[in-house]
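One-letter residues, chain by chain:
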Amino acid sequence: MTTAVVALPSHGKPATGALLVTAIVLAALTEAIASTVLSLGRADIIGDIYATPDEFAWLDVGYTAFKMIGFIAAPWLMTRINLRSLIIGATLVMGTACGLAAFTARLDLLIALRVFQGLSGGILLVVGQAIIFLAYPRTYQPILQALFAMGSVVAPATIAPALQGWLLDTHSWTWIFFSVVPVAMAAAGLLLMVDGPAPSKATPRPFDWIGFALVSTTLLCFTYVLSQGSRWDWFEEPRIVWLTVVGSAALLAFLGQQVMTSPRSLLDFTAFRSDDFTFAFIVSFVAGAALFGSAFLIPAFAVSVLAFTPTGAGLLLLPSGALFVGALLLAAFLFQVRRVAPFATVPFGILMIMVAMWMLSGSTSQSGADDMMGAILLRGLGLGFLFLSITLIAFSTLNGANLASGIGLFNTGRQLGGLMGVAGLQTLIEHNVAGNLAVLGSHVSAGVPAISERLTAMTAMLVAKGMDAAGAGRAAMSLLGRIVAGQSTVIAFDTAFNAVAILFLIAAPVLVTIKIGLARYAKAQAAKSPGTVGVQPRPQVKPKREENPRQVVQLYSGARSNLADRPAQQQYSDSVMLSLQSCAPSTQTL
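**Q** How would you summarise the overall build of the protein chain if you had to cite specific residues and measurements?
**A** Scanning the protein chain for helices and strands turns up 19 helices and two strands. In the protein chain, which comprises 590 residues, the proportion classed as buried is 48%. Sequence-distant contacts, at least 24 apart, represent 82% of the contacts inside the protein chain between residues at least 6 apart. Counting only carbon and sulfur atoms, one obtains 67% of the accessible surface of the protein chain, whose full area is about 27,600 Å².

Given below as structure tokens:
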């Protein structure tokens, strides 16, 4: 079990200034740009580096897998390296790796650079969020976590695709990588100007190399299976079967090894003792599927069906980012100023995302940005309320001993949920396109009057444009086939949008049941705790004179020193009063 840092602000420079938060948000923004570079630039990169789809897949797998490995390794690194130095180093590695990627077209070098980008990105996200929790009071966390989410969640879902689409249309994919460099330099420069939390002295622990190797194998195998399984029709391909078996075996071995080597294991799983963290971890898994899944569906539908340019597809999500930010700030206001419980906005966020996906399921091949904008804005609003809530729920009960591990596990769960969501939606679309094409094609034949009229009209139009009659007839059949294929794709995407809505429709009552069950289990465990003390009624003693409140405080503050001189029953009564006082909020005066 890795002992995470218990950090306190150093006293040389102010650690809790606006510069520290700004620097951390900029560092998170570098990861947001690097993580989404392949979403819109896939075709351009494949053409420029002369890579096959199988070779190109390793650019995505290498980044995603090592990003999750960075989530896992960051808590141990935080016990050995100063937090500010660690996040500065990770940010500079990210900037350097992206800068080099902008100047090379070699596939092997790009894969290696993507590995460094993913590893540094995972580390800087965990360390950055941990610094915010450790350097600032808990009362300010709602607004601070909202600001951090703007760089770590909002940017990759909305801002980065718009920037990348513009760069692809006006320049090239290399400029996407190059754009990370100035952001990384600005973040590192600001971090050098401030002091972060200084870690308290803790007993250094050896690195769990066996556990690290096992969890790395698990994440690499599962990332490849989830990201490439749909291309190979899943378990019809032997490599997918073998990687699934190896990944599952490594996961079981890792869990067993962690139990056997505790407390010297790689991860600290004590965060799961908190029912709030466990509930938020499960919600983040589902929310990750919705966030990454919808962020994949909307641009893919715009490009493949509506024939949007990369810039148009990126700009389609940009207004959603504004609502996302607005919802984060509004939720932060409710939590921090109005003292609303974070649990209150979780159902609201789920409902809005569900309605947004249902609205998008009515899209057609004639839809435009205006037709989809209402649903896209509603999606951004729901995501803002949902993600800030689960973040505060997850980490509100954690302390310095398990905070870093909790952040790493939480982000890993969200990333795995996103991988599973995108993989499931890709498979659903591919299977539905084939099925819809077969069904629609069976109704398209020359004997149907409507089809005959359509073919005749199309043939006549082509002949009028100068084609011969035979060629015009064949071209008309080809055009009709493309129309049928396009309609099959539209229906498949509409089914995928509906699938996300149904996911939340099913998940909502399940999550409520899980929360109730976890709360009851926590109460039962607290009742069985050996530290629970039954308080007996104190014998009534008639006071000889009236005592003002300050005298009462002085009386009980001196009870500990005089405890040995009191009778046994009075000793027990006084000790109970002292324990109750220690649990009560401290006050300056009564």
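So, next bit.
**Q** Provide a residue-level description of the confidence of the model for the protein chain, including the pertinent values.
**A** Model confidence for the protein chain is summarised by a mean pLDDT of 79, while 84% of its residues fall at 70 or above. Segment residues 1–15: pLDDT under 50, and 61 contacts once partners within four positions in sequence are set aside and those in other chains are kept.

**Q** Which residues make up the environment of D268, and what are the values?
**A** As for its placement among the helices and strands, D268 is situated in the loop between α10 (238–261) and α11 (275–304). The class for D268 is buried, based on a relative accessible area of 3%. Counting along the chain gives 136 residues from D268 to A404, while the straight-line C-alpha distance between them is 9.0 Å. In this structure the side chain of D268 is engaged in a polar contact, spanning 2.6 Å, whose partner is the side chain of T270.

**Q** So what about the pattern of salt bridges? Which residues, and what values?
**A** Applying the stated criterion to the full structure yields six salt bridges. A salt bridge links D54 to R231; the shortest N-O distance between them is 2.9 Å. Here the residue D54 occupies a position in helix α3 (residues 53–80), and R231 occupies one in the loop between α9 (209–228) and α10, the gap between them amounting to 177 residues. Judged by relative accessible area, which is 27%, D54 ranks as partly exposed. Several salt bridges converge on common partners, so that one network encompasses D275, D276 and K515.

**Q** Which residues make up the environment of V61, and what are the values?
**A** The residue V61 is located in helix α3 in this model. For V61, a relative accessible area of 1% puts it in the buried group. Between the C-alpha atom of V61 and that of T223, which follows or precedes it by 162 residues, the distance is 6.1 Å. When sequence neighbours within four positions are dropped, the list of residues in contact with V61 reads L220, T223, Y224, S227 and Q228.

**Q** Residue-level account of helix α17 (residues 469–528), with values.
**A** With 60 residues, α17 extends 87 Å from end C-alpha to end C-alpha; this agrees with the ideal 88 Å at 1.5 Å per step. At A507, α17 shows its maximal bend, which comes to roughly 30°, and the proline P509 appears one to four places after that position.

**Q** Account for the nonpolar core, naming residues and giving values.
**A** L386, I390, F395 and F504 are the most contacted members of the largest nonpolar core, which has 144 residues in total. Setting aside residues up to four positions removed in sequence, I390 forms contacts with A280, V283, S284, A287, V346 and F410. Formed by seven residues, the second largest nonpolar core is a distinct cluster that contains I451, M458, A472 and L480.

**Q** Give me the lowdown on empty space enclosed by the protein, citing residues and values where you can.
**A** Think of a ball as big as a water molecule: rolled over the atoms, this probe shows where empty space is left. Evaluated as defined, the whole model comprises two cavities of 30 Å³ or more. Taken as a whole, the largest cavity encloses approximately 130 Å³ of empty space. Looking at the largest cavity, it is lined by 14 residues, and the ones nearest its centre are Q129, S152, V153, T391 and R414. Of all elements in the fold, only α5 (107–135), α6 (141–170), α14 (369–395) and α15 (403–442) reach the threshold of two or more residues within the lining of the largest cavity. Here the lining of the largest cavity takes five residues from α6, the largest share from any one element. Of the residues that constitute the lining of the largest cavity, the class distribution is eight nonpolar, five polar and one charged.

**Q** Describe unusual backbone geometry, listing the residues and the values that go with them.
**A** Most peptide bonds are trans, and most residues other than glycine sit at a negative phi. We note that W234 has phi near 55°; this positive angle belongs to a residue other than glycine. Non-glycine residue A307 carries a positive phi angle of around 60°.

**Q** Talk me through α5; I want residue IDs and the actual numbers.
**A** Here α5 spans 41 Å end to end across 29 residues, near enough to the 42 Å set by a 1.5 Å rise per residue. Counting buried positions along α5 gives 22 out of 29 residues, so the element sits mostly inside the fold.

**Q** Could you give me a rundown of the packing of α14 against α15, with the residues and numbers involved?
**A** Following both chains from N to C, one finds α14 and α15 inclined at 145°, their axes separated by 10 Å at the closest point. With respect to the hand of their crossing, α14 and α15 are arranged in right-handed fashion. Taken together, the residues of α15 that come into contact with α14 (itself represented by F387, I390, T391, A394 and F395) are L403, G406, I407, F410 and R414. Of the residues that constitute the contact of α14 with α15, the class distribution is seven nonpolar, two polar and one charged.

**Q** I'd like a description of the side chain of S367, backed by residues and values.
**A** Mapping S367 onto the fold places it in the loop between α13 (346–360) and α14. A distance of 2.8 Å separates a polar side-chain atom of S367 from the backbone nitrogen of T364.

**Q** Run through a nonpolar patch on the surface, naming residues and quoting values.
**A** Nonpolar side chains collect at one region of the surface, where F235, V241, W242 and V245 lie side by side and expose about 430 Å² of accessible area between them. Positionally, F235 belongs in the loop between α9 and α10.

**Q** Please give an account of the packing of aromatic side chains that cites residues and values.
**A** If you walk through the whole model with that rule in mind, you get 19 aromatic pairs. Residues W209 and F212 carry aromatic rings whose centres are separated by 6.4 Å and whose planes lie at 90° to one another, so their mutual orientation is edge-to-face. A residue pair is termed a helical-turn pair when its members lie 3 or 4 positions apart in one helix, as W209 and F212 do in helix α9 at three residues. Residue W209 is classed as exposed on the basis of its relative accessible area of 61%. The ring centre of W232 lies 4.3 Å from the NZ or CZ of R239, which sits over that ring.

**Q** Would you mind going over the side chain of R114 in detail, with residue names and values included?
**A** If you trace the backbone, R114 turns up in helix α5. Within the buried core, R114 has no salt-bridge partner, and the shortest N-O distance to an opposite charge, that of D60, equals 5.2 Å. Every residue in contact with R114, bar those within four places of it in the chain, is listed here: A34, S35, V37, L38, L59, G62, Y63 and F177.

The rules behind the values
Residues numbered from 1 in each chain as written. Predicted model: local features only at pLDDT ≥ 70, side-chain atom pairs only at ≥ 80, totals over all residues. Heavy atoms only, no water. Helix = DSSP H or I, 4+ residues; strand = E, 2+ residues; numbered from the N terminus. Buried < 20%, exposed > 50% of the residue type's maximum accessible area, 1.4 Å probe, protein only. Contact = heavy atoms within 4.5 Å. Areas by Shrake-Rupley, 256 points an atom, 1.4 Å probe, with all protein chains shown as cover. pLDDT = per-residue confidence, 0-100. Polar contact = N/O pair within 3.5 Å; in protein donor to acceptor, adjacent residues only side chain to side chain. Salt bridge = Lys/Arg side-chain N within 4 Å of Asp/Glu carboxyl O. Expected span 1.5 Å × (residues − 1). Bend = angle between axes of the 7 residues up to and from the residue. Core = buried A, V, L, I, M, F, W, Y, C linked by side-chain atoms within 4.5 Å. 1 Å grid on protein atoms, 1.4 Å probe; cavity = no way out; pocket = protein on both sides within 12 Å on 5 of 7 lines; lining within 4 Å. Points joined across faces, edges and corners; volume = space filled by probe spheres on them. Nonpolar A, V, L, I, M, F, W, Y, C, P; charged D, E, K, R; others polar. Axes fitted to C-alpha atoms, helices over the stretch in contact; angles between N-to-C directions. Left-handed = near helix turned anticlockwise from the far one by under 90°. Patch = residues over 30% accessible without salt bridge, like charges linked within 9 Å, V, L, I, M, F, W, Y side chains within 5 Å. Phe/Tyr/Trp six-rings, centres within 6.5 Å; stacked < 30°, edge-to-face > 60°. Lys NZ or Arg CZ within 6 Å of the ring centre and 35° of its normal. Lys, Arg positive; Asp, Glu negative; His and termini not counted.

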